[in-house]
Structure formats: structure tokens, C-alpha cells
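Now for the letters of each chain:
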Amino acid sequence: ALENRTPAVPASKLASHLKETWAKIQTSKELNAPSEKDLGAMYKCDEAVQEAYKTVSPQITRFRNQVQAGEFIPEFGKKAADVLDNALKDYDSKASAFAGSAAFDRKRAELQKMITLECQGFFQSLVIQLRDNTLHRIRGLVATVMPLTGSRQQPDLQRLIEQAE
């Protein structure tokens, strides 16, 4: 692994070495040393992650707004999977020059994890909303049915509903 590193740079020349390396990365010139190639791949792949996230950000914001407003999102799983697929396709096309590199794979996994975690949070909120709505409907049904069956069974049913919460 040591043979892949650039030669040691004296502290007095470190600033100029870093400026030169950064300039090469930003202009995408041919990078000579493997470590410079790795830095370039990380930089470019990170840019591709940011751009890919921007393309799906409006849909993620829509999900967030709908969930916060208490709206149900029909076929949420399919829609979330489509958002993830679109982001990964966008990333793959933007970072294709680095496909197969460790930086490409690592940044792709980061993008996937970031979107998946956000969507999992939305999903959990939707499940809680469904549970709350279901319990509310059950209470309403119980309130209309219980007077017809007699008050003797009502405390037991009421206890079960409270335990379900």
C-alpha cells in the first residue's frame, strides 16, 4: 500500500503542493499519483451525490410536507423506490468516469442510505397515522355499538382499546 502513495512533501512546501493538487482536482486534469486520483474521485463523486440529491429533493420535500400535514400517501413504497432509483441513476450517469472505484461505491452507498433513511422516517410517520386513524374509527364504532349490547361489556372493551394505544 505504501508504494501507491505520493512522495513525502516537506512542511515548507505543503501549502503549494496542496494548491497544485486541488487545482488538478478541480480542473479534472490528468492526475498522476494514485492518491491524487482517489482525491479526485472522492471530490467528483461527492459532487455527483449532491447533484443527484437535488434532482429528487422536490419529491422528498413533497413527501415531508404531506406527512407533516397528516396526509396519507397512496403507494408510498413504490413512490419512494422510484425516488431512490432516479437518484441512483442520476448519480451513476454523473459519476460514471469513476465507476468501479472505492470512492464511487462509497458515495453511491451514502446517497442510497441518505434517501432510504429519510423515506423510512416518512413511512414510520404514515404507519403511526394509520394506527391513530384506525383506533379513532374503532372507538367510534364501539361507541355506537356498545349501547345496543349493554353496558356490562363496555369496560372490558374500553380497557382493550386503551391497551392498544
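Quick caveat, the model's predicted, so the values are computed rather than measured. (Residues numbered from 1 in each chain as written. Predicted model: local features only at pLDDT ≥ 70, side-chain atom pairs only at ≥ 80, totals over all residues. Heavy atoms only, no water.)

Turning next to the overall build of the chain. For the chain, the helix and strand inventory stands at five helices and zero strands. N-terminal to C-terminal, the α/β element order of the chain is α-α-α-α-α. The proportion of buried residues among the 165 residues of the chain is 25%. For the chain, restricting intrachain contacts to residue pairs at least 6 apart in sequence, the fraction spanning at least 24 positions comes to 60%. Looking at the chain as shown, the accessible area adds up to about 11400 Å², and 56% of this sits on carbon and sulfur atoms. (Helix = DSSP H or I, 4+ residues; strand = E, 2+ residues; numbered from the N terminus. Buried < 20%, exposed > 50% of the residue type's maximum accessible area, 1.4 Å probe, protein only. Contact = heavy atoms within 4.5 Å. Areas by Shrake-Rupley, 256 points an atom, 1.4 Å probe, with all protein chains shown as cover.)

In most cases, non-glycine residues show a negative phi, while peptide bonds are predominantly trans. With phi around 55°, Glu 75 is a residue other than glycine that occupies positive phi space. Within the element layout of this structure, Glu 75 appears in the loop between helix H2 (34-68) and helix H3 (76-94). A relative accessible area of 58% means that Glu 75 is categorised as exposed.

It is worth spelling out the nonpolar core at this point. Core analysis: the biggest nonpolar cluster contains 24 residues, and Ile 60, Phe 76, Tyr 91, Leu 111 and Ile 115 have the highest contact counts within it. Secondary-structure elements contributing two or more residues to this core are H2, H3 and helix H4 (102-149). With nine residues, the top contributor of residues to this core is H2. Contacts of Phe 76, omitting those with residues within four sequence positions, involve Phe 63, Cys 119, Phe 122, Phe 123 and Leu 126. (Core = buried A, V, L, I, M, F, W, Y, C linked by side-chain atoms within 4.5 Å.)

Under the counting rule described, the total for this entry stands at eight salt bridges. Among the salt bridges present, the one from Arg 64 reaches Glu 118, with a minimum N-O distance of 2.6 Å. One end of the pair, Arg 64, is in helix H2; the other, Glu 118, is in helix H4, and 54 residues separate them in sequence. A salt bridge links Asp 92 to Arg 108, with the nearest nitrogen and oxygen atoms 2.7 Å apart. Remark: Arg 108 occurs in helix H4 and Asp 92 occurs in helix H3; sequence separation between them is 16 residues. Salt bridges sharing common partners tie together Asp 46, Lys 107 and Glu 110. (Salt bridge = Lys/Arg side-chain N within 4 Å of Asp/Glu carboxyl O.)

A few words on the side chain of Gln 129. Note on placement: Gln 129 falls in helix H4. Assessed through its relative accessible area of 17%, Gln 129 is described here as buried. Here the side chain of Gln 129 touches Val 67 through a polar contact of 2.9 Å, landing on its backbone oxygen. Beyond its immediate sequence surroundings of up to four residues, Gln 129 is in contact with Val 67, Gly 70, Glu 71 and Phe 72. (Polar contact = N/O pair within 3.5 Å; in protein donor to acceptor, adjacent residues only side chain to side chain.)

Let's shift gears to the packing of aromatic side chains. Geometry of an aromatic ring pair is reported as the spacing of the ring centres plus the angle between the planes. In the structure shown here, the tally under the stated rule is three aromatic pairs. Measuring from ring centre to ring centre gives 5.0 Å for Phe 63 and Phe 76, while their planes differ by 65°; the resulting arrangement is edge-to-face. Within this pair, whereas Phe 63 is found in helix H2, its partner Phe 76 is found in helix H3, the two being separated by 13 residues in sequence. Measuring from centroid to centroid gives 5.1 Å for Tyr 91 and Phe 104, while their planes differ by 35°, and the two rings are tilted. Here Phe 104 lies in helix H4 and Tyr 91 lies in helix H3, a separation of 13 residues in the sequence. In terms of burial, Tyr 91 and Phe 104 fall into one category: buried. (Phe/Tyr/Trp six-rings, centres within 6.5 Å; stacked < 30°, edge-to-face > 60°.)

Here we come to the confidence of the model for the chain. Summarising the model, the chain shows a mean pLDDT of 83, and 79% of its residues fall at 70 or more. Confidence, expressed as mean pLDDT per element, reaches its minimum in the chain at helix H5 (residues 154-164) with 62 and its maximum at H3 with 96. (pLDDT = per-residue confidence, 0-100.)

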